[in-house]
Structures are given as structure tokens and as C-alpha cells.
Amino acid sequence: MEFSPENKIVKLCADGMAAEGQGREEDALNLFTQAWNESTDDFEKFTSAHFVARHQQTVADKLKWDELALSHAEKINNDSVKGSLPSLLLNIGKCHEDLNDFEKARTYYMKAQHYTQFLPDDKYGHMIKSGIIAGIERLN
């Protein structure tokens, strides 16, 4: 499984990200939701749920969608998906932290740190690593 622009669900998510970049949040959510509704396998469900989570209005709803994305990601053995896990686990950790469940938050930050070996060595990878470290430090 790769994040191929030929995949219909990946394309819908890419279109959703473009809509986000243009400030069209409702359109973005609609595209991500369409991607979720049309997903047919764990890779597509993981990808679309991860994006739907970004547009939830409450921490509890965001956590629900992030955990749903994680449940599908854990069924996939692929390095490109493993490269997405640090961000997803960081998001779940932050949700637990915001909900004052510091033990679960710490657990997810530590899991995120475990997967940083799959992050690219670029600005994105450094940003995610910094977020994980900051989360761990906030809880210490």
C-alpha cells in the first residue's frame, strides 16, 4: 500500500487538503467524509479517518476518529503507513492529555516516539519529533 495519487481515496484526501489550504474547511470535511464512506480496505479507512479527525469540533470526537484510524493502521504492515504513525499517535496522546488522562497520553507519546525511526529526515519529520518530545516533557 502506498499513498498513490491513482488511488481514488488518496485523491479525495488530497483534494480535501487542497480545500483546507484554501480555507474551505466545510468542503474539506465533505471530501474527507466522502473518502471515508467510499473506503474499501484498511489502508483507505486509515487514511480517510485520519483526515476526518482533523475536522472534529470536540476533543472526544477527534479522539474517536484518530483511534478509528489507528485501529485500521495497525492492520497494515507497510513502512509508508508506519511513517504516518508518529503523527497519529501524537494526536491521540494530545487528545488524552487535553482530556486529563495523563497516563494514556504518556503511553501514546511513547508509542509515537518508538515509530519516529520511520519519519523522513525533513521539516515535517522534525516537527513531529519536536511535538512528541514536547508532549513527553509536559507530562514529566
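Predicted, not measured: the structure shown is a model, and the values here were computed from it.

Definitions and cut-offs
Residues numbered from 1 in each chain as written. Predicted model: local features only at pLDDT ≥ 70, side-chain atom pairs only at ≥ 80, totals over all residues. Heavy atoms only, no water. Phe/Tyr/Trp six-rings, centres within 6.5 Å; stacked < 30°, edge-to-face > 60°. Helix = DSSP H or I, 4+ residues; strand = E, 2+ residues; numbered from the N terminus. Buried < 20%, exposed > 50% of the residue type's maximum accessible area, 1.4 Å probe, protein only. Lys NZ or Arg CZ within 6 Å of the ring centre and 35° of its normal. Contact = heavy atoms within 4.5 Å. Axes fitted to C-alpha atoms, helices over the stretch in contact; angles between N-to-C directions. Left-handed = near helix turned anticlockwise from the far one by under 90°. Nonpolar A, V, L, I, M, F, W, Y, C, P; charged D, E, K, R; others polar. Core = buried A, V, L, I, M, F, W, Y, C linked by side-chain atoms within 4.5 Å.

K.L.:
What am I meant to see in the packing of aromatic side chains here?
P.N.:
The relative placement of two aromatic rings is captured by the distance of their centres and the angle of their planes. Considering all chains together, one arrives at three aromatic pairs under this definition. Consider the rings of F32 and F51, whose centres lie 4.9 Å apart with planes at 15 degrees: the pair is stacked. In this pair, F32 is assigned in helix α2 (residues 25-38) and F51 in helix α3 (residues 42-53), connecting sequence segments 19 residues apart. Given the relative accessible area of 0%, F32 is considered buried. Considering the side-chain rings of Y115 and F118, the 6.1 Å spacing of their centres and the 35 degrees angle between planes classify their relative orientation as tilted. A residue is classified by how much of its surface remains accessible, and Y115, at 25% relative accessible area, is partly exposed. By relative accessible area, which is 28% here, F118 ends up partly exposed. The aromatic ring of Y108 is capped on one face by K111, whose charged end is 4.8 Å from the ring centroid.

K.L.:
What exactly am I supposed to notice about the environment of G16 here?
P.N.:
Looking at where G16 falls in the secondary structure, it is placed in helix α1 (residues 8-21). Note: C-alpha distance between G16 and N30 (14 residues apart in sequence) is 7.9 Å. Other than its neighbours up to four places away in sequence, G16 contacts A28, L31 and F32.

K.L.:
For this particular structure, what's the right way to read the packing of helix α4 (residues 59-73) against helix α6 (residues 85-98)?
P.N.:
If you want to describe how two helices pack, look at the angle between their axes and the distance between the axes. Where α4 meets α6, the closest approach of the two axes is 9 Å, and the angle between their N-to-C directions is 145 degrees. The crossing of α4 and α6 is left-handed. When α4 is examined against α6, the residues V59, K62, L63, D66, E67, A69, L70 and A73 are found in contact with a partner set consisting of L85, L88, L89, N91, I92, C95, H96 and D98. Class assignment of the residues belonging to the contact of α4 with α6 gives a composition of 10 nonpolar, two polar and four charged.

K.L.:
Would you explain the nonpolar core in this entry?
P.N.:
Across soluble globular proteins, you tend to see nonpolar side chains buried next to one another. By size, the foremost hydrophobic cluster in this structure holds 37 residues, and its most contacted members are F46, L70 and L88. If we ignore the near neighbours within four places in the chain, the residues touching F46 are F3, A69, H72, A73, I76, V81, S84 and L88.

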